[in-house]
Structure formats: structure tokens, C-alpha cells
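Below, each chain spelled out in residue letters.
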Amino acid sequence: MLDAFDHAILAVVQADNRLPNREIAHRVNLSETAVRRRLDRLRNEGVICGDVALLDRDALGQTMVVSVIFAEDSAGAYARFREEMVASERVTQCYSIAGEVDFILIVHAPDLREFEAWAQTTLLGDPVVKRYETSVVFTTHKFSTAVPLG
């Protein structure tokens, strides 16, 4: 169960996870030791599931939003496709969703030619994929990994 202090700590580290514990403690009105213990617990429980550097996607290639529709619905096909997408370095986000579309993928490639080659082998080459549609991202106006906490 997360309390108000946990929420405050999470809000601070979502904005800047490189802050020292003493600065986080100052911002949330706790001791440095209490902040360290809480951060350790939040990591051990999987609430904090990673500490990463965020890169400028626009400067490093092309991002596409891909919707995938299956020809047939089966648990095995979903599981296999999901595992393949999770393993693909091109796929940076993978969502199984409700509705006509089965999956939404966020795919990143150095350029459109590389994306096309990936899509031909990975999506067109998959017998369960009935159709996919790609939207090319021109400019990223907002990208956040922060989860609203309240």
C-alpha cells in the first residue's frame, strides 16, 4: 500500500531520479534514511521498475505507431506475437488492447527503409497478422514516462 510519502517520493524521482536521497528527503519532508528505505522497498516491490536515461527519439531516427489486426483470435497466437514484440529491439512499446485492433506498437528505426524491412519480415511474414497500419510520427510534442499519482 502506497502512502502520501511514497507518492511524493515517486513524483520527485519521476521528474529526476538522479537527485541524491538528501535532496529528495528535503523535498518530501522525511529523513534521508527513510527515503532510502522507501526507495529500496519501492524497487523491490517493482513499483519502480527501472532507472534509465531518456533519449531524444526525434534526433535518433524515426518513430512509427503501428496498429496490428490478427486474422484469428487464439491465446497461443497472442502469446507468441507478444513475446516476439517484447524481444524485438525495434519495438519500444507494445500494448494488447480491446476492440478491432489487437496490438498497438511503438516502433523506432533509423529510417523508413529500415522500418519497412523490419515490417516485411516481422509483420507481413507472420501468418496471424491480417493487417497492420502505420502512422509515421513527424514530431514528438510531448513524451512522458511519468505516471499521474493522485
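Look above for the structure.
I will try to describe carefully the structure that is included in this document.

Calculation criteria
- Residues numbered from 1 in each chain as written.
- Predicted model: local features only at pLDDT ≥ 70, side-chain atom pairs only at ≥ 80, totals over all residues.
- Heavy atoms only, no water.
- Salt bridge = Lys/Arg side-chain N within 4 Å of Asp/Glu carboxyl O.
- Helix = DSSP H or I, 4+ residues; strand = E, 2+ residues; numbered from the N terminus.
- Buried < 20%, exposed > 50% of the residue type's maximum accessible area, 1.4 Å probe, protein only.
- Contact = heavy atoms within 4.5 Å.
- Core = buried A, V, L, I, M, F, W, Y, C linked by side-chain atoms within 4.5 Å.
- Axes fitted to C-alpha atoms, helices over the stretch in contact; angles between N-to-C directions.
- Parallel < 35°, antiparallel > 145°, perpendicular 65-115°, else oblique.
- Nonpolar A, V, L, I, M, F, W, Y, C, P; charged D, E, K, R; others polar.
- Polar contact = N/O pair within 3.5 Å; in protein donor to acceptor, adjacent residues only side chain to side chain.
- Phe/Tyr/Trp six-rings, centres within 6.5 Å; stacked < 30°, edge-to-face > 60°.
- Disulfide = S-S within 2.5 Å.

**Thoughts on the pattern of salt bridges**
Then step 1. This structure, assessed with the given rule, holds 11 salt bridges.
Then step 2. The closest approach of N and O atoms between aspartate 6 and arginine 41, which form a salt bridge, is 2.7 Å. With a gap of 35 residues between them, aspartate 6 in helix 1 (residues 4-15) and arginine 41 in helix 3 (residues 32-44) connect regions that are remote in the sequence.
Then step 3. Look at aspartate 6 and you get buried, because its relative accessible area is 1%.

**Side note on the environment of phenylalanine 81**
Then step 1. Mapped onto the elements, phenylalanine 81 comes out in helix 4 (residues 75-87).
Then step 2. For phenylalanine 81, a relative accessible area of 0% translates into the label buried.
Then step 3. Considered as a pair, phenylalanine 81 and alanine 8 are 73 residues apart in the sequence and their alpha carbons are 37 Å apart.
Then step 4. If sequence neighbours within four positions are ignored, phenylalanine 81 has contacts with Val68, Phe70, Phe103, Leu105, Leu123, Asp126 and Val129.

**Remarks on the nonpolar core**
Then step 1. Counting residues in hydrophobic clusters, the biggest one holds 19 residues, and the most contacted among them are Val68, Phe81, Leu105 and Trp118.
Then step 2. Elements with a minimum of two residues in this core: strand 1 (62-70), helix 4, strand 3 (103-109) and helix 5 (112-124).
Then step 3. Counting 12 residues, the second-largest nonpolar core is a separate cluster that includes Leu10, Leu19, Leu42 and Ile48.

**A closer look at the packing of helix 1 against helix 3**
Then step 1. Relative to each other, helix 1 and helix 3 sit at 80°, their axes nearing to 11 Å. For the element pair helix 1 / helix 3, the angle class is roughly perpendicular. When helix 1 is examined against helix 3, the residues Phe5, Asp6, Ile9, Leu10 and Val13 are found in contact with a partner set consisting of Val35, Arg38, Leu39, Arg41 and Leu42.
Then step 2. Counted by class, the contact of helix 1 with helix 3 contains 7 nonpolar, no polar and 3 charged residues.

**So, the side chain of aspartate 6**
Then step 1. Among the polar contacts made by the side chain of aspartate 6, one reaches the side chain of arginine 38 at a distance of 2.8 Å.
Then step 2. In contact with aspartate 6, not counting residues within four places along its chain, are Met1, Arg38, Arg41 and Leu42.

**Describing the packing of aromatic side chains**
Then step 1. Counting across every chain of the model gives 6 aromatic pairs.
Then step 2. When the ring of phenylalanine 70 is compared with that of phenylalanine 81, the centres are 5.2 Å apart and the planes differ by 80°; the resulting orientation is edge-to-face. Taken together, the residues phenylalanine 70 in strand 1 and phenylalanine 81 in helix 4 connect sequence positions 11 residues apart.
Then step 3. Seen from their ring centres, phenylalanine 115 and tryptophan 118 are 6.0 Å apart, and the 35° between their planes marks the pair as tilted.

**Let's talk about the state of the cysteines**
Then step 1. With the rule as written, the count across this model stands at 0 disulfides.
Then step 2. Cysteine cysteine 49 is unpaired, with the sulfur of cysteine 94 as its nearest cysteine sulfur at 15 Å.
Then step 3. Classification of cysteine 94 by relative accessible area gives partly exposed; the value is 26%.

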